[in-house]
Amino acid sequence: MATFGVLISNRSFFPDHLVLTAREKLLACLEKWGHEVITLTPEETNMGETMTYDEAVKCAELFRRNADRIDGVIICLPNFGEEAGIADAIRMSRLDCPILIQACDDDFDKLQLENRRDAFCGKLSLCNNLYQYGIKYTLTSRHTCAIESEEFAADVERFAHICAVVKKLRSARIAQLGARVMPFRTVRYSEKLLQASGITVETEDMSEIFADIDELQDEAAIEAKMAEIRAYGNIVPGIADEKVRRQAKLILAIDQWMEAHHCDASAIQCWDSVEANYGCAACLAMSMMSQRGLPAACETDVMGAVSMLALLNAGDVPPVYQDWNNNYKNEPDKCINVHCSNYPACAFEAKPEIGNLDILATTLGTDVSFGALKGRVRPSGMTYLKVSTDDRRGVIKCYLGEGKFTDDPLPTFGGVAVCEVPDLNGLMRHLTKNGYEHHVAIAQTLCADVLEEALGNYMGWEVYRHS
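Residues numbered from 1 in each chain as written. Predicted model: local features only at pLDDT ≥ 70, side-chain atom pairs only at ≥ 80, totals over all residues. Heavy atoms only, no water.

Chemist: Would you explain the environment of aspartate 358 in this entry?
Modeler: Along the chain, the position of aspartate 358 falls in the loop between strand S13 (353-356) and helix H13 (361-364). Classification of aspartate 358 as partly exposed rests on a relative accessible area of 27%. The spacing of aspartate 358 and alanine 372 is 14 residues in sequence and 8.3 Å in space, taken between C-alpha atoms. In contact with aspartate 358, other than residues within four places in its own chain, are Lys374, Phe413 and Gly414. Engagement of the side chain of aspartate 358 in a polar contact is seen with the side chain of lysine 374, the distance being 2.9 Å. (Helix = DSSP H or I, 4+ residues; strand = E, 2+ residues; numbered from the N terminus. Buried < 20%, exposed > 50% of the residue type's maximum accessible area, 1.4 Å probe, protein only. Contact = heavy atoms within 4.5 Å. Polar contact = N/O pair within 3.5 Å; in protein donor to acceptor, adjacent residues only side chain to side chain.)

In structure tokens form, the structure reads like this:
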């Protein structure tokens, strides 16, 4: 799961046994929950604590040596703690990762000198010091909590996902394959603003992908990919093997390019260069990448790829990329979301159909349009996210929220879904007043809390959470 730097503090006139038992419980719980720990040992400092300045130096040195391994830091206050020692340790470690602050409950019947904690108060002092130093941190859902409680287990799970989002985005490499589709000025973005957040965009012309396809000679790999395609979805009747082979070669070429350039997600010029110059749709290639954890956004929407990557790391569910597309009857909190589509197969309620593009095939022709996935998105809770660079203001901003995919009747084609979002009209007003795109990334899980904390607190982006 995650590797945490663990810092356990103390205040000298509180009972030592509180520190010893808290350390034992915390390390045991983190191991049980699947995490690795880097922390001071009782041989390095008294009880493995960080209290004095000398102990803070030792903690900082330990964290610096393991900076590449540490995803986040958990600070435990068994008692009031020594806020200056903790703040100094974090500052001197020079770590730039999420920090979770946990403070232990006092038991009402154990407020005597030999058992009293005062961590309730100490957490305020610690946060005050971290705030003065400009160190960002995350709080548990309740001000104090027991280490072995279910609520703290949930806090750690949420924190691990926050760490995953931040770590991935701060070093993300996004592929832009092909030029922006000419009419889609909506997907313009600032590479420089992304780079300032640690996100690199690697660009390639589609002609280079086509050249890579011409160089493919591994017949076994091509046949294996064709078999994978047939297992992935139900190919509509009448599709010739040559079209499946064409798809397989496109997928292999893109896969190899992504691996060679160490990219984490992609945005692809899915129309109409691929169809016109190669002879198939790109949806299937994008779907299969998303299914295995390399999110792919259509129409060269790089900010869509960033949104999908954040969602994947926040919720561990391959996201879909859709249009906010139609009103649904006269129900103001529901709308129809569609795309051609490139959804991962796991998003559908049944094994998807693989056929020709629908609307685009009317102008491009069916001969060059094979490769679109079709079906109904399965009912589920969902989290939506769209990140955008606001170039006029020089900031990265996003909106997010939670809703659900419903099973309401939907007599239309493509990759389709009915979405229900509380105060949908209010959300649309926010999007239209703030210049957001018509695209949105959606994951079939609830992870808005993770995204709000990761993108707002640690990435420093402007976040609007709709409710």
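Chemist: How should the sheet that holds strand S5 (residues 138-139) be read in this particular structure?
Modeler: Strand order in the open sheet formed by 5 strands is S2-S1-S3-S4-S5, and the pairing between neighbours is parallel. Both edges of this open sheet fall to strand S2 (36-39) and S5, since each of them pairs with a single strand only. Where strand S4 (residues 99-103) lies against S5, 2 bridges are found, and the strand directions are parallel. Its bridge partner lying in S5, isoleucine 101 is registered against leucine 139. Sheet strands touched by helix H4 (residues 119-133): strand S3 (72-77), S4 and S5. Its angle to S4, the strand with the most contacts, is close to 155°. Taken strand by strand, helix H5 (residues 150-169) contacts strand S1 (3-8), S3, S4 and S5, and its axis lies near 170° from that of S4. (Pairing = 2+ DSSP bridges. Axes fitted to C-alpha atoms, helices over the stretch in contact; angles between N-to-C directions.)

Chemist: Just to check I follow, could you spell out the sheet that holds strand S10 (residues 296-298) for this structure?
Modeler: The strands making up a sheet are joined through hydrogen bonds of the backbone, oriented either antiparallel or parallel. Read across the open sheet, the 4 strands follow the order S7-S6-S9-S10; overall the sheet is parallel. Edge positions in the open sheet fall to strand S7 (200-204) and S10, since each of these has one partner strand only. Taken pair by pair, the neighbouring strands of this sheet meet at an average axis angle of 20°, ignoring direction.

Chemist: For this particular structure, what's the right way to read the packing of aromatic side chains?
Modeler: Where two aromatic rings form a pair, the distance of their centres and the angle of their planes describe that pair. Going through the model one piece at a time under the given rule, you end up with 8 aromatic pairs. Ring geometry for phenylalanine 210 versus tyrosine 278: centroids 5.8 Å apart, planes at 10°, classification stacked. Placement of phenylalanine 210 in helix H7 (residues 206-214) and of tyrosine 278 in the loop between helix H10 (273-277) and helix H11 (283-291) is noted, with a sequence separation of 68 residues between them. Here phenylalanine 210 matches tyrosine 278 in class, with each residue buried. The ring of tyrosine 278 has arginine 246 lying over it, and the distance from NZ or CZ to the ring centre is 5.0 Å. Its end group placed over the ring of tyrosine 436, lysine 397 keeps NZ or CZ at 4.8 Å from the ring centre. (Phe/Tyr/Trp six-rings, centres within 6.5 Å; stacked < 30°, edge-to-face > 60°. Lys NZ or Arg CZ within 6 Å of the ring centre and 35° of its normal.)

The values are spatial; any link to function lies outside them.
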